[in-house]
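An overview of the molecular structure
Here is how the chains run, residue by residue.
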Amino acid sequence: MAGREYAIFDTVIGRCGIAWGRSGIVGVQLPEAREIETRRRMLRQYPDARELRPSLNAEIAIEAIAALLRGQPCDFSDVALDMYGMPPFNQRVYEFARTIPRGETMTTAAVAKRLGASGAAHAVGRAMGRNPFAILVPCHRVLAVEGEADGFSMNGGVISKRRLLSLEGALTRSGPTLFDALLSVAPPRPHS
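The paragraphs below set out a description of the structure included in this document. (Residues numbered from 1 in each chain as written. Predicted model: local features only at pLDDT ≥ 70, side-chain atom pairs only at ≥ 80, totals over all residues. Heavy atoms only, no water.)

A few points about the packing of aromatic side chains
What counts, and what does not: Here a pair means two rings of Phe, Tyr or Trp (six-membered ring of Trp) with centres within 6.5 Å. Their orientation is stacked below 30 degrees between planes, edge-to-face above 60, and tilted elsewhere. Segments assigned H or I by DSSP are reported as helices when at least four residues long, segments assigned E as strands when at least two residues long, and all are numbered from the N terminus. Working definition: with a 1.4 Å probe on protein chains only, accessible area under 20% of the residue-type maximum means buried, over 50% means exposed, and in between means partly exposed.
Under the counting rule described, the total for this entry stands at 1 aromatic pair. Plain terms: the ring middles of Tyr94 and Phe133 are 6.1 Å apart, the flat faces sit at 85° to each other, and that makes the pair edge-to-face. Of this pair, Tyr94 sits in helix 3 (residues 88-97) while Phe133 is found in the loop between helix 5 (121-129) and strand 6 (142-143), placing the two residues 39 residues apart along the sequence. Both residues of the pair, Tyr94 and Phe133, count as buried.

So, in structure tokens, the structure goes:
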């Protein structure tokens, strides 16, 4: 779709991507194994997007994503998302998921109940699996079963989900993860 831009940016876990349009962020991409793969995925998802300097909204999102991935508190509430064309139910799920506090989780059944759709736990799970706003809409905080960080649609699957929950302190009862140990010894990424 015309009128979209994207940028690739540094985080402690690698080079991520973000795409935006006039109405807000349209997608976030966690890093692939190599930057070129992250860039290719962005261009497959947004083939007409141009690589540009981030808009103010995208810059706020980038700074908050980078902070979260460093394990620091961050706030995404001011980041505008462009949900045009998405199913209304998914939009409601994404808006609700944005209200789940850092370090906390909810089950898909609990989210469905809070949305007034008690029998729609699977629909909530499908919406989370299609979430294009990785981290900005914290689908990692929505679990199929209480206390079990299972499936995740983006790169790294359940490992990515566990990493994010660990960074937020939501997995404290299971102890430190391998990611926690590796993050403490990983060399810092150069900042551009």
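Some details on the nonpolar core
In globular proteins that are soluble, nonpolar side chains generally tend to be buried together. Using the following cut-off: Buried Ala, Val, Leu, Ile, Met, Phe, Trp, Tyr and Cys residues form a nonpolar core when they are joined through side-chain atoms within 4.5 Å. Note on definitions: a residue-residue contact is assigned when non-hydrogen atoms from the two residues lie within 4.5 Å.
If you look at the biggest cluster of nonpolar residues, it comprises 43 residues, and the most contacted ones within it are Ile18, Ile25, Tyr94, Met128, Phe133 and Leu136. Mapped by element, the contributors of at least two residues to this core are strand 1 (5-11), strand 2 (14-21), strand 3 (24-29), helix 2 (56-69), helix 3, helix 4 (108-114), helix 5 and helix 6 (157-167). Counting residues per element, this core draws most heavily on helix 2, which supplies 7 residues. Setting aside residues no more than four positions away along its own chain, Ile18 makes contact with Glu5, Tyr6, Ala7, Phe9, Ile25, Gly27, Val28, Met42, Ala58, Ala61 and Ile62.

Some points on the sheet that holds strand 1
Pairing between the strands of a sheet comes from backbone hydrogen bonds, and it takes one of two forms, parallel or antiparallel. Formally: Here the rule is simple: two strands pair whenever DSSP picks up at least two bridges between them.
Ordered in space as 3-2-1-4, the 4 strands form an open sheet in which the pairing is mixed. The strands lining the two open edges of the sheet, one partner per strand, are strand 3 and strand 4 (50-51). Pairing of strand 1 with strand 4, which is carried by 2 bridges, proceeds in the parallel orientation. Considered in strand 4, the bridge of Glu5 is made with Arg50.

Details of the packing of helix 3 against helix 5
This is how it is decided: Only the contacting stretch of a helix is used when fitting its axis, a line to C-alpha atoms as for every element, and angles between N-to-C directions run 0 to 180 degrees. Roughly parallel means an angle under 35 degrees; roughly antiparallel, over 145; roughly perpendicular, 65 to 115; everything else is oblique.
Packing of helix 3 against helix 5 brings their axes to within 9 Å, and their N-to-C directions diverge by 80°. In terms of orientation, helix 3 lies roughly perpendicular with respect to helix 5. Taking contact as the criterion, the partners of Phe89, Asn90, Val93, Tyr94 and Ala97 in helix 3 are, on helix 5, Ala123, Val124, Ala127 and Met128.

Overview of helix 3
Just so we agree on the cut-off: Working definition: the arc comes from the directions between the helix axis and the C-beta atoms, pointing outward to the latter.
Looking at helix 3, one finds that the buried residues are Asn90, Val93, Tyr94, Phe96 and Ala97. Buried residues of helix 3, viewed axially, fall in a sector of 165°; they line one side. Its buried side turned inward, helix 3 meets strand 5 (106-107), helix 4 and helix 5.

Overview of the side chain of Asn57
Note that Asn57 resides in helix 2. Under the relative-accessibility criterion, Asn57 is labelled buried at 17%. Those residues in contact with Asn57 that sit more than four places away from it in its chain are Gly24, Ile25, Asp78, Val79 and Ala80.

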